[in-house]
Amino acid sequence: SAVKSYAAVDLGASSGRVMVGRVGPDSLELTEAHRFPNRPVRVPEGLRWDVLGLYAGVLDGLKAAGAVDSVGIDSWAVDYGLLDADGALLGNPVHYRDGRTDGIAEKVWATVPAEELYAATGLQYAPFNTLYQLTAARESAQLAQARRLLLIPDLLTYWLTGEQGTELTNASTTQLIDPRTRDWAHGVAERLGIDLSLFAPLRQPGDAAGVLRPEVLEETGLAGPVPVTAVGSHDTASAVAAVPADGERFAYICTGTWSLAGLELDAPVLTEESRAANFTNELGLDGTVRYLRNIMGLWLLQECVRAWGQPDLGALLLDAAKVPALRSVVDAGDAAFLAPGRMPERIAEACRDSGQPVPATPAEITRCILDSLALAHRKAVEDAQRLAGRSADVVYIVGGGTRNALLCQLTADACGLPVVSGPTEAAALGNVLVQARAHGLVGDLAGTRRLLTRTQPLTRYEPRGGTQRWQAAQARLARG
Ligand code: ADP
Ligand code: LRH
């Protein structure tokens, strides 16, 4: 028939899901087949991903999805599994919030200065970039034994199909890719003693990535052949591909565990100012660059909610809406909030240290987090426009944060721009659309975006004025 179905496996840092997208010439429908928690595990050697649990969730999801025309996988960035000479996984993949990269950047910069690293890779400094993780692991027994490194979506693709590759959008988060050539940064790798032959050959979004192995068909009850298609396997690349923009003058914020805020460009910005502002140039679909800043995101709230024993989120947000705005703000871009644990206390301490009123109740702390996120969104949207010399008339919010109406409204207020929010499952939609495109069903990025604006429910938030209050809050943070 003219309508095809695609399974999108989308693994976020807080949950994994298998969604089914049904795509026709003028229709796009997404349903959830299966959702499962993604819970990091702390073992004596550090914080690890339960990758076998995730793979089991993927298999359950494919079974629940039923017959599909293809499967695509995306996940969070930077992390990887190592395989030995037999192709067997060596240990549990290390979580990007693990402390092993503390102090590693300084060692890397002693060999390749931060300025040169940015000029060559365009990647922001984040302690967890794969380049720093590999440097931290340099003396480990595991790395010595490793013959292959597969990024998380590539590892799951390998388990499903038996075929190995390194998908480009996610490879761009390793800090080992040159965003101008969209190929490996050989010089950087060589100087740092990173063996690029550990990586499987690059794959482009849309490339075929094999078919489900017979054992997978048996376990999921699916009838073969079921092709697996490489998508924008970095979840943020897939999410940006599903931003329902209808022009070019837009900014986007992908909200979930992280907030990733910036612009879509056709060339990287590799200036020294851009580096100083910690903007990243990750690779997107169709030769685009995702020029954005990482903001701690709803992680701050997730960690508080965990500390408070999982109270009802809806009720908490209603209470937070009644707390006076902008009493205290923290720097939501600060890597000091990266590690898990003691989040309510850490936020209170940051307010105290910067001489602001100390939020005490869950509602006050939640309000402080949402005001701080909106403020960081404002700063990122502004900085991106200035640094890239481009302007935006509207801000699109996609991802789990679209369910938080207060955050969307505060972001509109802070940016002084209209916010259009939706879709919530943007990464899964972007994943589905790349598969549909590989099968000739939909057109280019502009065409898929038109399909999204026609088919997806979107909500518009108008700015309510008072941007000078946000300016003042920003100034308070800068002084603190
Ligand atoms: P990730 O893909 O990084 O795991 P998601 O995009 O799934 O994250 O977003 C998860 C976040 O969405 C949660 O941390 C939570 O703050 C927010 N969220 C989820 N459901 C709701 C809800 N019903 N109301 C408000 N916020 C919600
Ligand atoms: C969001 C995300 C983000 C990365 C982070 C590690 O899920 O992929 O783009 O910076 O995880």
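Residues numbered from 1 in each chain as written. Chains lettered and ligands numbered in written order. Predicted model: local features only at pLDDT ≥ 70, side-chain atom pairs only at ≥ 80, totals over all residues.

1. What about the overall build of the protein chain?
Then step 1. Counting secondary structure elements, the protein chain contains 19 helices and 21 strands.
Then step 2. Relative to the 2.2 N^0.38 estimate, which gives 23 Å for 480 residues, the radius of gyration of the protein chain is 21 Å and therefore close to what a compact globule would have.
Then step 3. Principal axes of the C-alpha set define a box for the protein chain whose edges measure 60 × 55 × 45 Å.
Then step 4. Looking at the protein chain as a whole, 52% of its 480 residues are labelled buried. (Helix = DSSP H or I, 4+ residues; strand = E, 2+ residues; numbered from the N terminus. Rg over C-alpha atoms; globule rule 2.2 N^0.38 Å. Buried ≥ 20, exposed ≤ 12 C-beta atoms within 10 Å, placed from the backbone.)

2. A look at the site of ligand 1
Then step 1. Residues in contact with ligand 1 amount to 16 residues; listed here are only the nearest, Gly12, Ser14, Gly256, Thr257 and Gly400.
Then step 2. Split by residue class, the shell around ligand 1 holds four nonpolar, 11 polar and one charged. (Near = placed C-beta within 6 Å. Nonpolar A, V, L, I, M, F, W, Y, C, P; charged D, E, K, R; others polar.)

3. Structural notes on the site of ligand 2
Then step 1. Taken together, 14 residues lie near ligand 2, and Trp76, Ala77, Asp235, Thr236 and Trp258 sit nearest.
Then step 2. Classifying every residue of the shell around ligand 2 by side-chain character gives seven nonpolar, six polar and one charged.

4. Things to note about the packing of helix 14 (residues 343-353) against helix 15 (residues 362-388)
Then step 1. As a packed pair, helix 14 and helix 15 sit with axes 11 Å apart at the nearest point and diverge in direction by 70°. One way to sum up the angle between helix 14 and helix 15 is to call them roughly perpendicular. Relative to helix 15, helix 14 is oriented so that their crossing is left-handed. Of the residues in helix 15, those touching helix 14 at Pro344, Ile347 and Cys351 are Ile365, Cys368 and Ile369.
Then step 2. For the contact of helix 14 with helix 15, a count of residues per class yields six nonpolar, no polar and no charged. (Axes fitted to C-alpha atoms, helices over the stretch in contact; angles between N-to-C directions. Parallel < 35°, antiparallel > 145°, perpendicular 65-115°, else oblique. Left-handed = near helix turned anticlockwise from the far one by under 90°. Contact = placed C-beta atoms within 7 Å.)

5. Some thoughts on the UniProt feature "domain: Carbohydrate kinase FGGY N-terminal" (unreviewed entry) in the protein chain
Then step 1. Residues annotated in UniProt with the feature "domain: Carbohydrate kinase FGGY N-terminal" (unreviewed entry) correspond here to residues 68-240.
Then step 2. Annotated as 35% helix and 17% strand, the span residues 68-240 places its first and last C-alpha atoms 24 Å apart. (UniProt positions renumbered as here; feature names shortened; annotations may be inferred.)

6. Comments concerning the sheet that holds strand 17 (residues 280-283)
Then step 1. An order of 17-18-16-15-19-20-21 is seen for the seven strands of this open sheet, with the pairing classed as mixed. At either end of the open sheet lies a strand with only one pairing partner, and these are strand 17 and strand 21 (459-461). Geometrically, the sheet is characterised by an average inter-axis angle of 30° between neighbouring strands, direction not taken into account.
Then step 2. Pairing geometry for strand 19 (residues 394-399) and strand 20 (residues 419-421), over three bridges, is parallel. By the bridge assignment for strand 20, tyrosine 396 is matched with valine 420.
Then step 3. Seen against the sheet, helix 15 touches strand 15 (250-255), strand 16 (259-265), strand 18 (289-295) and strand 19 and runs at an angle of roughly 20° to strand 16. (Pairing = 2+ DSSP bridges.)

7. Details of the environment of phenylalanine 36
Then step 1. Residue position: phenylalanine 36 is located in strand 3 (residues 27-37).
Then step 2. Of the residues examined, phenylalanine 36 has 17 C-beta atoms within 10 Å and is grouped as partly exposed.
Then step 3. Sequence separation between phenylalanine 36 and arginine 17 is 19 residues; the distance between their C-alpha atoms is 6.3 Å.
Then step 4. In this structure, phenylalanine 36 is in contact with Ser15, Gly16 and Gly57, ignoring residues within four places of it in sequence.

8. Observations concerning the packing of helix 12 (residues 299-307) against helix 14
Then step 1. It is at 8 Å that the axes of helix 12 and helix 14 come closest, and there the two elements cross at 120°. It follows that helix 12 is oblique to helix 14 by the angle criterion. Seen from helix 12, the contacting residues are Leu300, Glu303, Cys304 and Ala307; seen from helix 14, they are Met343, Pro344 and Ile347.
Then step 2. When the residues that make up the contact of helix 12 with helix 14 are grouped by side-chain class, the tally is six nonpolar, no polar and one charged.

9. A few points about the environment of alanine 277
Then step 1. Mapped onto the elements, alanine 277 comes out in the loop between helix 11 (272-276) and strand 17.
Then step 2. Its 17 C-beta neighbours within 10 Å are what place alanine 277 among the partly exposed residues.
Then step 3. Separated by 152 residues in sequence, alanine 277 and tyrosine 125 place their C-alpha atoms 10.0 Å apart.
Then step 4. Setting aside its immediate chain neighbours within four residues, alanine 277 contacts Asp383 and Leu387.

10. Quick look at unusual backbone geometry
Then step 1. A cis amide bond links glycine 224 with the next residue in sequence, proline 225, at an omega value of -5°.
Then step 2. Relative to the helices and strands, proline 225 is located in the loop between helix 9 (214-220) and strand 14 (227-229).
Then step 3. Looking along the chain, the bond that leaves glycine 422 and enters proline 423 is cis, with omega of -5°.
Then step 4. Mapping proline 423 onto the fold places it in the loop between strand 20 and helix 17 (426-438).
Then step 5. Phi is positive for leucine 326, close to 55°, though the residue is something other than glycine.

11. Considering helix 17
Then step 1. Relative to the 18 Å expected for 13 residues at 1.5 Å per residue, helix 17 spans 18 Å between its end C-alpha atoms, a close match to the ideal helical length.
Then step 2. Extensive coverage of helix 17 is indicated by the burial of 13 of its 13 residues.
Then step 3. Where helix 17 ends, the next residue or the one after it, glycine 440, has phi of about 75°, a positive value. (Expected span 1.5 Å × (residues − 1).)

12. Quick notes on the pairing of strand 2 (residues 15-24)
Then step 1. Burial analysis of strand 2 places seven of its 10 residues in the buried class, the great majority of the element.
Then step 2. Relative to strand 2, strand 1 (residues 4-11) runs antiparallel, the two being bridged by eight bridges. Paired with leucine 11 across the strands is glycine 16, a residue of strand 2.
Then step 3. With 10 bridges connecting them, strand 2 and strand 3 associate as antiparallel partners. Paired with arginine 22 across the strands is glutamate 29, a residue of strand 3.
Then step 4. Between strand 2 and the antiparallel strand that follows it, strand 3, lie two residues.

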